[in-house]
Amino acid sequence: MARLGRSFAFLWSSTGLSNLADGVLKIGAPLLAVTLTRSPTLVALAGAAATLPWLVLALHAGAIADRADRRRIMVRANLARAALLACATVLAALGLLNLWLLLAAVLLAGVCEVFADLSAQSVLPMTVPEGELTRANGRVSTAQMIGNDFVGAPVAGLLVVALPAAVFGSPAILYGAAGLLLLGMRGTYRLPEPPARRPMRADIAEALRYLWGHRVLRGLAITAGLLNLANAGYFAVFVLWAVGDGSRIGLEPGEYGLMTTAFAAGAVFGSLLAGRAATAFGELRTLVGNWLVTSVLLLVPVIVPSPWTLYPTAVLWGLVGAAGNVLVISTRQRLIPAELLGRVNSAYRLVGMGGMPLGAALGGLVAELAGLTAALVGATGVCLVAVGMVWRALSDQFSGPLTSAPTLSDISTSR
């Protein structure tokens, strides 16, 4: 961590705590929903509520990140999440927990997440040298996976059984601590020359034009959007496939949390190995290969619904998924000019994540009408189509042996 600096250490530590909170809430919310209803459509609403704010607020949050101090935005967003979830904890402890309280808490926490996450990705290039971006993103991704899945997920499974109100209470404490840690970062994190004061819609329009005009970013954003839409549909109902007496796999809530722990174990290695893999095989081949493997692996729990196949598959999901995520984030940070980073990142995340609430809702609807198998296999098919599209769109830019393959940045001038 020495070369990455003191400010990065505070950012990294805050990321770990906030993602531990994310993990408890991300896994705890659908598990709580399963205890309140067995309707696939209603359970899927928990996933839709968490991602709906990206569809509504991403562009405005990115524009604000380019106008204001990005660290302050993160501090305020984390403290707001802490306060909101503290209120939900009190209501749940008073015996008022129901599906609608659950959805409201997840939705409001998601609103804060949009501002916190967009500012975090935009503040990182202001914290470390450009040559250290991939390494820093690998460290951040590792902290995210450890917090989200390695620790947060099994804790969530235990809390759902032992103390449901703590599914809100423990993230409230963690978000508060994450916000306070960011105060240790030195300096200001506002652009030296922020965009001229003009209507926010003009800032947003500029970002959308840049994203659409850049063939690499456009291709990655559209592919990420399709993949996230399909994965949201898959995992919105997968909990019904995996958890409970009537499920195909038959896991207990705590065992479901262990599945995401297995995912995190793979993700830690994937985050750290991403740079080496890209050097050996080229960024495009590594990224598309990771997406392809992840998509095919979605079929394994469907074809062989057993804990003995689920846990190794989850390790591989994490390994290849995290490596791809590090490459995509690092590429965006290199390609997007600093003065546009918040806005273009937000436009990218809108395309990439905006379809997730729709995907979650579609997954629930398809499962309700045609069954869980149809929903899971259909989502896998969409993933495979998306991977094929990005390969066809970008592979003609690459030639030569694997070890001499250029990076995604090498075609950034062809816009």
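Since the structure is predicted, the reported quantities are computational estimates derived from the model, not experimental observations.

Basis of the calculations
Residues numbered from 1 in each chain as written. Predicted model: local features only at pLDDT ≥ 70, side-chain atom pairs only at ≥ 80, totals over all residues. Heavy atoms only, no water. Helix = DSSP H or I, 4+ residues; strand = E, 2+ residues; numbered from the N terminus. Contact = heavy atoms within 4.5 Å. Areas by Shrake-Rupley, 256 points an atom, 1.4 Å probe, with all protein chains shown as cover. Lys, Arg positive; Asp, Glu negative; His and termini not counted. Charge placed at Lys NZ, Arg CZ, Asp CG, Glu CD. Expected span 1.5 Å × (residues − 1). Bend = angle between axes of the 7 residues up to and from the residue. Buried < 20%, exposed > 50% of the residue type's maximum accessible area, 1.4 Å probe, protein only. Arc of directions from axis to C-beta. Salt bridge = Lys/Arg side-chain N within 4 Å of Asp/Glu carboxyl O. 1 Å grid on protein atoms, 1.4 Å probe; cavity = no way out; pocket = protein on both sides within 12 Å on 5 of 7 lines; lining within 4 Å. Points joined across faces, edges and corners; volume = space filled by probe spheres on them. Nonpolar A, V, L, I, M, F, W, Y, C, P; charged D, E, K, R; others polar. pLDDT = per-residue confidence, 0-100. Axes fitted to C-alpha atoms, helices over the stretch in contact; angles between N-to-C directions. Parallel < 35°, antiparallel > 145°, perpendicular 65-115°, else oblique. Core = buried A, V, L, I, M, F, W, Y, C linked by side-chain atoms within 4.5 Å.

1. Overview of the overall build of the protein chain
Phase 1 of the analysis: Along the protein chain, the regular secondary structure elements total 15 helices and zero strands.
Phase 2 of the analysis: Overall, the C-alpha framework of the protein chain stretches about 55 × 45 × 40 Å when taken along its three principal axes.
Phase 3 of the analysis: For the protein chain, contacts bridging at least 24 residues in sequence account for 87% of all contacts bridging at least 6.
Phase 4 of the analysis: Of the roughly 16,500 Å² of accessible surface on the protein chain, 68% is carried by carbon and sulfur atoms.
Phase 5 of the analysis: Here the protein chain carries 29 positive and 19 negative side-chain charges, and the mean point of each set is 6 Å from the other.

2. Structural notes on helix α2 (residues 40-67)
Phase 1 of the analysis: Spanning 28 residues, α2 covers 41 Å between terminal C-alpha atoms, matching the ideal 40 Å at 1.5 Å per step.
Phase 2 of the analysis: The largest bend in α2 is about 65°, located at L57.

3. A few points about helix α7 (residues 200-213)
Phase 1 of the analysis: With 14 residues, α7 extends 20 Å between its outermost C-alpha atoms, agreeing within 8% with the 20 Å of an ideal straight helix rising 1.5 Å per residue.
Phase 2 of the analysis: Within the sequence span of α7, burial applies to D203, I204, A207, Y210 and L211. Each buried residue of α7 sits inside an arc of 125° when the element is viewed along its axis, so together they form one side. Among the exposed residues of α7, those pointing more than 90 degrees away from its buried face are R201, R209 and W212.
Phase 3 of the analysis: Close packing links the buried residues of α7 with α2, α8 (215-242), α12 (307-335) and α13 (341-353).

4. A short note on the pattern of salt bridges
Phase 1 of the analysis: This model, assessed by the stated rule, comprises six salt bridges.
Phase 2 of the analysis: Note that R343 is salt-bridged to D66, the shortest N-O span being 2.8 Å. Separated by 277 residues along the polypeptide, R343 in helix α13 and D66 in helix α2 bring together distant segments of the chain. Taken individually, R343 and D66 each receive the classification buried, so the pair is uniform in this respect.
Phase 3 of the analysis: When its relative accessible area of 3% is taken as the criterion, R343 is described as buried.
Phase 4 of the analysis: Here the residues in one salt-bridge network are D66, R67, R70, D203, E206 and R343, joined through shared partners.

5. A look at the layout of surface pockets
Phase 1 of the analysis: Taken as a whole, the largest pocket holds about 280 Å³ of empty space.
Phase 2 of the analysis: If you trace the largest pocket, you find 16 residues lining it, with T134, R135, A274, G275 and R276 closest to the centre.
Phase 3 of the analysis: If you list the elements that add at least two residues to the lining of the largest pocket, you get α5 (133-162), α9 (253-281) and α12.
Phase 4 of the analysis: With seven residues, the single largest contributor to the lining of the largest pocket is α9.
Phase 5 of the analysis: Classifying every residue of the lining of the largest pocket by side-chain character gives four nonpolar, seven polar and five charged.
Phase 6 of the analysis: What the second largest pocket holds in volume is close to 160 Å³.
Phase 7 of the analysis: Residue lining of the second largest pocket: 14 residues in total, with P125, E130, L133, Q333 and A338 positioned closest to the centre.
Phase 8 of the analysis: When the residues that make up the lining of the second largest pocket are grouped by side-chain class, the tally is nine nonpolar, two polar and three charged.

6. Some points on the confidence of the model for the protein chain
Phase 1 of the analysis: Residue-level pLDDT values for the protein chain average 85, and 93% of them are 70 or greater.
Phase 2 of the analysis: Mean pLDDT across the elements of the protein chain bottoms out in α5 (80) and peaks in helix α11 (residues 300-303) (96).
Phase 3 of the analysis: Long-range and interchain partners of residues 398-406, a stretch whose pLDDT sits below 50, account for 18 contacts in this model, where long-range means more than four residues apart.
Phase 4 of the analysis: With pLDDT under 50 throughout, residues 411-415 is counted as low confidence; its partners more than four residues away or in other chains account for 11 contacts.

7. So, the packing of helix α14 (residues 356-370) against helix α15 (residues 372-394)
Phase 1 of the analysis: One can describe the packing of α14 onto α15 by two numbers: an axis separation of 6 Å at closest approach and a directional angle of 140°. On the basis of their axis angle, the class for α14 and α15 is oblique. When α14 is examined against α15, the residues G363, V366, A367 and A370 are found in contact with a partner set consisting of L372, A374 and A375.
Phase 2 of the analysis: Residues of the contact of α14 with α15, tallied by class, amount to six nonpolar, one polar and no charged.

8. Observations concerning the nonpolar core
Phase 1 of the analysis: Formed by 101 residues in total, the largest nonpolar core has its most connected members in F168, F238 and Y256.
Phase 2 of the analysis: Considering every element that reaches this core, the biggest residue donor is α8, with 15 residues.
Phase 3 of the analysis: Leave out the neighbours within four places in its chain, and Y256 touches I27, L31, F238, V239, A242, V243 and L251.
Phase 4 of the analysis: Core analysis: the next-biggest nonpolar cluster, separate from the first, contains 13 residues, L11, L133, V140 and Y189 among them.

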